[in-house]
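Given next are the chains, with one letter for each unit.
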Amino acid sequence: MIEFRNVTKEYPGGTLALDDVDFTIDKGEFVFILGHSGAGKSTLLKLMLREEEVTDGVITIADYNLNKIRRRKIPYLRRELGVVFQDFRLIPTMTAYENVAFAMRVTNVSAREIRRRVPYILKLVGLEDKSQVYPEQLSGGEQQRVALARALVHNPKIILADEPTGNIDPKLSLEIIELLKEINRLGTTVVVVTHDISIVNRFKERTIILRNGRVLRDTKEARQ
Amino acid sequence: MRGSSFGYLVRQGIINTWINRMMSAASIGILTACMIIVGGSGLLAVNIRDIFRSIEEKNELVVFLKDEADEAAIADLGDRIETLDHISSYYFVSKADALEEQKEFMGDKGYLLNGLEDDNPLPASYRIKVDSLEHLNYVVDELKYYNGVETVSAPTDLARTLTGVEKTFLILGSIIIGILIVSSAVVISNTIRLTLYARRREIMIMKYVGATDSFIRLPFVVEGITIGVVSALLAFGVLSLIYESLGTMFSGSGISWLTGVSSSLIPFSKLWKAVLGSFLGFGIVLGAFGSGTSIRRYLRV
């Protein structure tokens, strides 16, 4: 599902963000990518979303070879990837419902399909009562659920969560991870990028530890 | 693209224009002013052309012949005129014809010329029409020194002035219009850039959820076109008012030459379609172009 083959990323100016990173994440896996700031987590995400291109190596995601993908095709790659950010990135002038519907409207989904799917997804993340509420009236955890609903609405093959618990208090953080695990149980591959080792320790899931742009440890390989 | 999606994006574009209404109003104002100036110059040019054309229809030159020119010389000159370029028509007026013409011109005093038939002081002539004022001087120069020619009379100074005026007008007009078009495009593009800035968050989200470039671009192009169309309609309204009221002002002024000008103005009923059409075309193209250029930078990622 996600394949990094000897991926190196060097930014102009000589900063080596990723150095010979190599791992495979299979369909249906739940994986933490753990690292301090500067370990290369953001670069990893940018490469997966094809905001940046690799300097060396090959990335394959959901049958797209990111080295060869055409610019026109990038939006279709991104529809396979649901992304959740630390700062939620909701549109403040839209209700929870509108924020989720927005993601469908701008990707050519019919109005009927939107009316059918948005309530279903909001229910899935436990926000069916808050659909007409604006983001500022929601707690951090609830805002992150809206963002998660938006990421799920295209029925993506993979959910990428970038520090999803960074702006949420610890108790609610566990709920978000639980929700991600629930989504994983329904068949979606989930990748959680985080620096929070306490979260990682709490859930015994495969963890790829990044340090200074290299894979320091991959618990899957360790188990084998 | 689905109809409902298209409708949604178009609505977003119009909403953008409203949310950003201060800048929209500013750019509509500037664009309207540009269009009025360009359109005004256009109307002036059309009218001047019209006047020129009516003058050009009188672009007759007269080749007066020496009395001693015999029939052979006259025929020879006729052949020469026949082969000359830029001549639309010509005819010969004999001494006798010239006298008849003069008598007619003098009306009831024509009898005064009676008895001159045998000692006719009027010269024979060729009356020539040239196809355009530009070529008048060329024809005059060709015929002036020809055998049997006494003088050539033609409005050459007028021709020179008018062609000069027309050319200067054309060059200056193109420069001014060019500058106005460029500045209008810049103004629109700046307005759209403000909207882009205000909506950068939404654009970023659109990209992460996999919206295609054309989906992201469409509302902004719609915003540009909305500005262009509103400006075109405003400019059209203002310009038609100016044109009509100038006409009535001139004709009612009591100053004879102004009244003359007003009567030769092309009526607006004959021009409005062209004016409205070119304004709308101008507005739509500039609006689309202005927004297209400013959004390109935001689509890279």
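Quantities reported herein were computed from a predicted structural model and do not represent experimental measurements.

### Some words on the packing of helix 6 (residues 156-198) of chain B against helix 8 (residues 213-251) of chain B
All names here are of chain B. It is at 10 Å that the axes of helix 6 and helix 8 come closest, and there the two elements cross at 140°. The orientation of helix 6 relative to helix 8 falls into the category oblique. In this structure, helix 6 crosses over helix 8, and the sense of that crossing is right-handed. For the pair formed by helix 6 and helix 8, the contact residues are Ile188, Thr191, Ile192, Thr195 and Leu196 on the first element and Phe220, Glu223, Gly224 and Ile227 on the second.

### Re the sheet that holds strand 6 (residues 81-84) of chain A
Residue and element names in this part refer to chain A. Spatial strand order, 6-7-8-3-9-10: six strands in an open sheet with mixed pairing. For this open sheet the edge positions go to strand 6 and strand 10 (214-218), each flanked by a neighbour on one side alone. Ignoring which end each strand starts from, the neighbouring axes of this sheet average 20° apart. Sheet topology places strand 7 (residues 158-162) next to strand 8 (residues 189-194); five bridges connect them, and they run parallel. In the sheet register, leucine 160 faces strand 8, and the bridge partner there is valine 191. Contacting strand 6 and strand 7, helix 5 (residues 140-152) crosses the sheet at an angle of about 165° to strand 6.

### Quick look at the sheet that holds strand 2 (residues 16-25) of chain A
Residues and elements named next belong to chain A. Spatially, the four strands line up as an open sheet ordered 2-1-4-5, and their pairing is antiparallel. With one partner strand each, in any of the chains shown, strand 2 and strand 5 (64-65) form the two edges of the open sheet. Direction of pairing for strand 4 (residues 56-61) relative to strand 5: antiparallel, over a ladder of two bridges. If you follow threonine 60 over to strand 5, its bridge partner there is asparagine 65. Against the sheet, helix 1 (residues 41-48) makes contact with strand 1 (2-10), strand 2 and strand 4, and its axis sits at roughly 120° relative to strand 1, the strand it touches most.

### Digging into the pairing of strand 6 of chain A
Residue and element names in this part refer to chain A. Residues Leu81 and Val83 line one face of strand 6 and the alternating positions Gly82 and Val84 line the opposite face, and both faces are buried. Sheet topology places strand 6 next to strand 7; four bridges connect them, and they run parallel. Each bridged residue has a counterpart across the sheet, and for valine 83 the counterpart in strand 7 is leucine 160.

### Structural notes on the pattern of salt bridges
This model, assessed by the stated rule, comprises 23 salt bridges over all chains. In this structure, the salt-bridge partner of glutamate 80 of chain A is lysine 157 of chain A, at a minimum N-O distance of 3.0 Å. Of this pair, glutamate 80 of chain A sits in helix 2 (residues 74-80) while lysine 157 of chain A sits in the loop between helix 5 and strand 7, placing them 77 residues apart in sequence. Note that aspartate 141 of chain B is salt-bridged to lysine 144 of chain B, the shortest N-O span being 3.5 Å. Of the two residues, aspartate 141 of chain B and lysine 144 of chain B are both situated in helix 5 (residues 136-144); the distance of three residues between them amounts to about one turn of the helix. Looking at aspartate 141 of chain B, the relative accessible area reads 45%, which means it is partly exposed.

### Some words on the nonpolar core
By size, the foremost hydrophobic cluster in this structure holds 83 residues, and its most contacted members are Leu148 and Leu180 of chain A. Looking at this core, the element that brings in the most residues is helix 8 of chain B, giving 11 residues. Beyond its immediate chain neighbours, meaning those up to four positions away, leucine 180 of chain A contacts Phe30, Leu148, Ile159, Ala161, Pro164, Val190 and Val192 of chain A. Ile2, Phe23, Ile25 and Leu160 of chain A belong to the second-largest nonpolar core, a separate cluster that totals 33 residues.

### A short note on the packing of helix 8 of chain B against helix 9 (residues 256-264) of chain B
Residue and element names in this part refer to chain B. Look at helix 8 against helix 9: their axes get within 7 Å of each other, and the N-to-C directions meet at 140°. Relative to helix 9, the element helix 8 is oriented oblique. Viewed along their axes, helix 8 and helix 9 form a crossing whose handedness is left-handed. Taken together, the residues of helix 9 that come into contact with helix 8 (itself represented by Gly247, Phe250 and Ser251) are Leu258, Thr259, Val261 and Ser262. Within the contact of helix 8 with helix 9, the residues separate by chemical class into three nonpolar, four polar and no charged.

### Some words on the packing of aromatic side chains
This structure, assessed with the given rule, holds eight aromatic pairs over all chains. Relative to tyrosine 208 of chain B, the ring of phenylalanine 85 of chain A has its centre 4.8 Å away and its plane inclined at 50°; by these criteria the two rings are tilted. Residue phenylalanine 85 of chain A is found in the loop between strand 6 and helix 3 (96-105), and its partner tyrosine 208 of chain B is found in helix 7 (residues 200-208); the two belong to separate chains. Comparing phenylalanine 85 of chain A with tyrosine 208 of chain B shows no difference in burial state: the two are buried. Consider the rings of tyrosine 90 of chain B and tyrosine 126 of chain B, whose centres lie 6.1 Å apart with planes at 55°: the pair is tilted.

### Considering unusual backbone geometry
All names here are of chain A. The backbone of aspartate 63 shows a phi angle near 70°, a positive value even though the residue is not glycine. With respect to the secondary-structure elements, aspartate 63 resides in the loop between strand 4 and strand 5. Even without a glycine there, the phi angle at glutamate 163 is positive, about 45°. Secondary-structure assignment places glutamate 163 in the loop between strand 7 and helix 6 (170-185).

### Focus on a nonpolar patch on the surface
A contiguous nonpolar surface patch, about 520 Å² in accessible area, is contributed by Leu170, Ile171, Leu172, Ile175 and Ile179 of chain B. If you trace the backbone, isoleucine 175 of chain B turns up in helix 6.

### Here we look at the side chain of arginine 206 of chain A
Mapped onto the secondary structure, arginine 206 of chain A falls in strand 9 (residues 206-211). At 2.8 Å, the side chain of arginine 206 of chain A and the side chain of aspartate 218 of chain A are in polar contact.

### Things to note about the interface of chain A and chain B
Across the boundary between the two partners, chain A contributes 27 residues, which contact 21 residues of chain B. Buried surface at the junction of chain A and chain B, summed over both partners, amounts to about 2,200 Å²; 58% is from carbon and sulfur atoms. At the junction of chain A with chain B, the criterion picks out one salt bridge. Residues aspartate 213 of chain B and arginine 71 of chain A are paired through a salt bridge, measuring 2.7 Å at the closest nitrogen-oxygen approach. For the pair chain A and chain B, the interface holds four residue pairs in polar contact (both at pLDDT 80 or more). It is helix 2 of chain A that contributes the most residues to the side of chain A that touches chain B, four residues altogether. Its residues assigned to classes, the side of chain A that touches chain B comprises 15 nonpolar, four polar and eight charged.

### Points about helix 1 (residues 3-19) of chain B
The first and last C-alpha atoms of helix 1 of chain B sit 24 Å apart over 17 residues, in line with the 24 Å expected at 1.5 Å per residue. When helix 1 of chain B is considered as a whole, its buried residues turn out to be Ser5, Tyr8, Leu9, Gln12, Gly13, Asn16 and Thr17 of chain B.

Rules behind the numbers
Residues numbered from 1 in each chain as written. Chains lettered and ligands numbered in written order. Predicted model: local features only at pLDDT ≥ 70, side-chain atom pairs only at ≥ 80, totals over all residues. Heavy atoms only, no water. Axes fitted to C-alpha atoms, helices over the stretch in contact; angles between N-to-C directions. Helix = DSSP H or I, 4+ residues; strand = E, 2+ residues; numbered from the N terminus. Parallel < 35°, antiparallel > 145°, perpendicular 65-115°, else oblique. Left-handed = near helix turned anticlockwise from the far one by under 90°. Contact = heavy atoms within 4.5 Å. Pairing = 2+ DSSP bridges. Buried < 20%, exposed > 50% of the residue type's maximum accessible area, 1.4 Å probe, protein only. Salt bridge = Lys/Arg side-chain N within 4 Å of Asp/Glu carboxyl O. Core = buried A, V, L, I, M, F, W, Y, C linked by side-chain atoms within 4.5 Å. Nonpolar A, V, L, I, M, F, W, Y, C, P; charged D, E, K, R; others polar. Phe/Tyr/Trp six-rings, centres within 6.5 Å; stacked < 30°, edge-to-face > 60°. Patch = residues over 30% accessible without salt bridge, like charges linked within 9 Å, V, L, I, M, F, W, Y side chains within 5 Å. Areas by Shrake-Rupley, 256 points an atom, 1.4 Å probe, with all protein chains shown as cover. Polar contact = N/O pair within 3.5 Å; in protein donor to acceptor, adjacent residues only side chain to side chain. Buried area = accessible area lost by both parts, 1.4 Å probe. Expected span 1.5 Å × (residues − 1).

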